Amino acid sequence: MWSLILVTTLALSSAIAETINLPAKNTEWRYSFGVDYENNQFLLDGKSFRYVSGSFHYFRAPRQYWRDRLRKMRAAGLNAVSTYVEWSLHEPEPGQFNWVGDADLVEFLNIAQEEDLLVLLRPGPYICAERDLGGLPYWLLRDVPNIKLRTKDADFMKYATLYLNQVLEKVKPLLRGNGGPIIMVQVENEYGSYNACDTEYMDMLREIFEEKVGSKALLYTTDGASASLLRCGFVPSVYATVDFGTGVNVTNSFQSMRLYQPRGPLVNSEFYPGWLTHWGEAFQRVKTEAVTKTLREMLDIGASVNFYMFYGGTNFGFTSGANGGAGSYNPQLTSYDYDAPLTEAGDPTDKYFAIRDVISQYLPLPNISLPTVSPKGNYGPVLLEPILKLLDNSRSPFIVRRMTADQPKTFEALSVNQGFVLYETNLPSVITDPATLRATTRDRTLVYVDDRLCGVLSRIDKIFSIPLERPYGRQLSLLVENQGRLNFGNEIHDFKGISDVTINGTPLTNWNMTAYAFSNMSSLRNMETITIESGLLNNGPVFLRGRFTINDQPLDTYLDTTGWGKGVAFVNGHNLGRYWPLVGPQITLYVPAPYLRTGVNELILLELEYVSHTRKMKFQTVPNLG
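Bear in mind that the values here come from a model prediction, so they are computed numbers and not experimental data.

Analysis parameters
- Residues numbered from 1 in each chain as written.
- Predicted model: local features only at pLDDT ≥ 70, side-chain atom pairs only at ≥ 80, totals over all residues.
- Heavy atoms only, no water.
- UniProt positions renumbered as here; feature names shortened; annotations may be inferred.
- Helix = DSSP H or I, 4+ residues; strand = E, 2+ residues; numbered from the N terminus.
- Axes fitted to C-alpha atoms, helices over the stretch in contact; angles between N-to-C directions.
- Left-handed = near helix turned anticlockwise from the far one by under 90°.
- Contact = heavy atoms within 4.5 Å.
- Nonpolar A, V, L, I, M, F, W, Y, C, P; charged D, E, K, R; others polar.
- 1 Å grid on protein atoms, 1.4 Å probe; cavity = no way out; pocket = protein on both sides within 12 Å on 5 of 7 lines; lining within 4 Å.
- Points joined across faces, edges and corners; volume = space filled by probe spheres on them.
- Pairing = 2+ DSSP bridges.
- Phe/Tyr/Trp six-rings, centres within 6.5 Å; stacked < 30°, edge-to-face > 60°.
- Lys NZ or Arg CZ within 6 Å of the ring centre and 35° of its normal.
- Domains from an automatic or database assignment.
- Buried area = accessible area lost by both parts, 1.4 Å probe.
- Salt bridge = Lys/Arg side-chain N within 4 Å of Asp/Glu carboxyl O.

**Remarks on the UniProt feature "domain: Glycoside hydrolase 35 catalytic" (unreviewed entry) in the protein chain**
(1) Moving on: Residues given the UniProt feature "domain: Glycoside hydrolase 35 catalytic" (unreviewed entry) here are residues 41–361.
(2) Moving on: For residues 41–361, the end-to-end C-alpha separation is 19 Å, with 32% helix and 17% strand making up the annotated structure.

Rendered as structure tokens:
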């Protein structure tokens with residue numbers, strides 16, 4: 001009798017609170033998200049619910065565009081957004097946490113709620129996401145070189161626990177049970193695809209999440225749709241989901257989930273409407289008809305679905321990772337367009353509208369104006385003049401570390417996260433002709449003898465030796481580029497640099513190392529021009545500078561790198577990322593309007609290998625991803 005009175009009283013107080021637009025006193029009772037196992041459904045605030053969500057990683061777009069992208073997702077009929085949380089972004093050095101600017105996770109989550117989107121939060125600690133080291137911070141490899149990543153290893157758990165506690169404390173007020181948008185929180189990420197299969201590690205992570213999240217949101221895991229992958233990714237008392245793309249048998253894929261999650265709603269946590277692309281391969285695309293067919297099949301059987309990706313965005317700077325293993329190495333593009341329903345610039349595609357049409361048959365569409373393609377800026381060609389040679393160490397403002405050692409040190413040992421390290425030593429006075437230089441390179445090495453380019457060592461192409469012909473010089477210089485640490489698979493323990501350097505089998509020793517970083521480009525602003533030859537850069541990489549004027553409000557635009565070799569582009573100090581038109585398929589770099597300004601703008605290139613004979617790059621209105 002008393003329990004019936006209590007429930008009635010709570011219901012009445014909640015109803016009154018809603019009527020007068022005040023929060024109910026017992027918000028934990030009012031707001032909730034959980035599983036009705038008997039009826040194989042989710043319950044949102046006590047009512048039957050299923051989500052159609054889309055992945056959008058806040059760190060792949062300027063924060064000025066977060067609301068725009070989220071609103072377009074809601075307009076497509078989505079009722080949730082999924083995002084990873086990138087450890088390396090938020091803790092770039094141990095104990096130094098970053099939650100401002102484009103790293104303002106709480107602001108992103110607040111905007112999502114304002115745009116009527118629930119949130120699936122995926123804080124890792126490992127996220128993959130085609131990001132450098134799968135989102136793990138490089139300093140794990142520096143501080144504990146023998147660390148066993150993604151295991152119960154004491155050092156890894158110490159750092160991961162500190163990070164997770166920071167994230168989960170930060171988002172605690174935004175959990176659904178506290179009235180926020182976060183309905184689900186993922187534990188780790190596709191752990192079944194990692195050979196460690198450390199069940200103790202996963203149990204330890206679950207305890208961290210349970211302590212901070214409790215019953216305020218649903219904990220879940222995601223793995224590929226096969227029993228072998230779910231076996232190691234499954235965690236007792238954590239909701240198990242699967243991921244798969246088009247061209248599969250939907251029923252069979254969900255049967256794999258049922259082996260470990262016999263009751264509850266069906267969930268595809270990563271449904272792929274596009275795919276990732278590596279340098280040197282054709283741009284990957286997925287046909288719209290295949291996407292809508294598989295989507296309809298899943299929605300017909302009541303499944304909840306998350307599109308990976310719905311908006312891909314950009315790997316600005318040096319943040320893109322690489323796939324590989326068993327000797328292969330394939331770094332990803334700067335663009336993360338992903339052939340997603342919203343393009344890299346946030347424009348709706350035919351795929352977007354086709355998906356919206358399907359969703360409209362299962363969920364009510366919001367009363368939001370449909371998005372259109374935004375105008376782009378045509379800012380024409382920019383003449384680029386050389387201003388500094390990268391290897392001119394007497395003038396370089398970008399040197400962050402120098403070290404001398406008998407053997408080459410890794411980037412990590414030098415406290416270098418991304419970019420370039422120059423390794424220098426003297427060659428023996430007597431060697432045969434031709435001599436053979438061998439080295440293990442991670443990842444791409446420009447080889448110079450007495451400042452003259454002699455060849456390239458390449459992890460991508462498995463080129464680990466080159467001949468050195470007479471006349472011999474004295475100084476050997478090896479400029480090593482980190483092209484992105486492995487982000488997936490069992491070999492993510494991916495140090496950068498060069499090792500095992502020999503000439504005709506004789507080890508080379510006594511190395512001088514110079515590390516470069518490009519966090520601040522303002523020092524190049526007033527440098528005088530220098531003289532170089534166009535074409536192949538036989539004497540080392542060069543910085544070039546050009547200026548262009550925008551008279552009106554800046555618009556998004558694309559930088560066309562046709563005719564150049566390989567390098568990095570900066571606009572007004574913002575690192576747009578790597579370009580490599582000789583290899584492709586990506587030819588243009590996306591330039592968001594917030595990186596531009598009315599008036600004079602500055603374009604700076606670090607060109608590594610080949611300067612166009614025109615010495616120009618142009619800003620255009622259309623992308624070229626090959």
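From this point, the discussion proceeds with the structure in view.
**A few points about the packing of helix H3 (residues 66–75) against helix H5 (residues 105–114)**
Packed helices, taken two at a time, are described by the angle their axes make and the gap between the axes.
(1) Moving on: Contact geometry of H3 with H5 gives a least axis separation of 10 Å together with a crossing angle of 35°. When you trace H3 past H5, the crossing you get is right-handed. Within the contact between the two elements, H3 uses Trp 66, Arg 67 and Leu 70 and H5 uses Glu 107, Phe 108, Ile 111, Ala 112 and Glu 114.
(2) Moving on: Of the residues that constitute the contact of H3 with H5, the class distribution is five nonpolar, no polar and three charged.

**What about the layout of surface pockets?**
(1) Moving on: Roughly 1,200 Å³ of volume is contained in the largest pocket.
(2) Moving on: Elements represented by at least two residues in the lining of the largest pocket include exactly helix H4 (87–90) and strand E30 (574–579).
(3) Moving on: When the residues that make up the lining of the largest pocket are grouped by side-chain class, the tally is 18 nonpolar, 13 polar and five charged.

**A few points about empty space enclosed by the protein**
(1) Moving on: Tallied over the full model, the rule gives two cavities of 30 Å³ or more.
(2) Moving on: Computed from the structure, the largest cavity encloses a volume of approximately 70 Å³.
(3) Moving on: Lining the largest cavity are Trp 275, Leu 276, Thr 277, Phe 283, Gln 332, Leu 333, Ser 335, Tyr 336, Asp 337 and Tyr 338.
(4) Moving on: Across the lining of the largest cavity, the residue classes break down as six nonpolar, three polar and one charged.
(5) Moving on: Approximately 40 Å³ is the volume attributed to the second largest cavity.
(6) Moving on: Lining the second largest cavity we find Phe 420, Arg 444, Thr 445, Leu 446, Leu 479, Glu 481, Leu 608 and Glu 609.
(7) Moving on: For the lining of the second largest cavity, the secondary-structure elements that each account for two or more residues are strand E19 (444–449) and strand E22 (475–481).
(8) Moving on: Among the elements that line the lining of the second largest cavity, the one with the most residues is E19, at three residues.
(9) Moving on: Here the residues of the lining of the second largest cavity are counted per class, giving four nonpolar, one polar and three charged.

**Topic: the environment of Ile 587**
(1) Moving on: For Ile 587, the location among the structural elements is in the loop between E30 and strand E31 (588–591).
(2) Moving on: A sequence separation of 28 residues divides Ile 587 from Leu 559, and the C-alpha atoms of the two residues are 8.4 Å apart.
(3) Moving on: Residues in contact with Ile 587, not counting those within four places in the same chain, are Leu 559, Asp 560, Thr 561, Thr 562, Pro 581 and Asn 624.

**Digging into the sheet that holds strand E3 (residues 47–49)**
(1) Moving on: With antiparallel pairing, three strands are arranged side by side in an open sheet as E1-E2-E3. Each edge of the open sheet carries a strand with a single partner, namely strand E1 (33–36) and E3. Shown here is a sheet whose adjacent strand axes are inclined to one another by a mean of 45°, direction ignored.
(2) Moving on: Direction of pairing for strand E2 (residues 41–44) relative to E3: antiparallel, over a ladder of three bridges. Residue pairing in the sheet places Leu 43 in a bridge with Ser 48 of E3.

**Description of the packing of aromatic side chains**
(1) Moving on: Throughout the structure, instances matching the rule amount to 41 aromatic pairs.
(2) Moving on: Judged by centre distance (4.5 Å) and plane angle (35°), the ring pair of Phe 548 and Phe 619 falls under tilted. Taken together, the residues span a long stretch of sequence, with Phe 548 in strand E27 (residues 542–550) and Phe 619 in strand E34 (residues 616–620) at a distance of 71 residues.
(3) Moving on: Linked through ring pairs, Trp 87, Trp 139, Phe 156, Tyr 159, Tyr 163, Tyr 191, Tyr 194 and Tyr 201 together constitute an aromatic cluster.
(4) Moving on: When the ring centre of Tyr 194 is taken as reference, the NZ or CZ atom of Arg 150 above it lies at 4.4 Å.

**Some details on the domain arrangement of the protein chain**
(1) Moving on: Domain parsing of the protein chain yields domain 1 (45–361), domain 2 (380–386 + 520–620) and domain 3 (399–516).
(2) Moving on: Listed by partner, the interface residues are 12 residues for domain 2 and 13 residues for domain 3.
(3) Moving on: Counting each side, the surface lost to burial between domain 2 and domain 3 is near 1,000 Å², with a carbon and sulfur contribution of 51%.
(4) Moving on: The interface formed by domain 2 and domain 3 includes three salt bridges.
(5) Moving on: One salt bridge in this structure joins Lys 566 and Glu 481, with 2.8 Å as the shortest N-O distance.
(6) Moving on: In the side of domain 2 that touches domain 3, the residues fall into six nonpolar, three polar and three charged.

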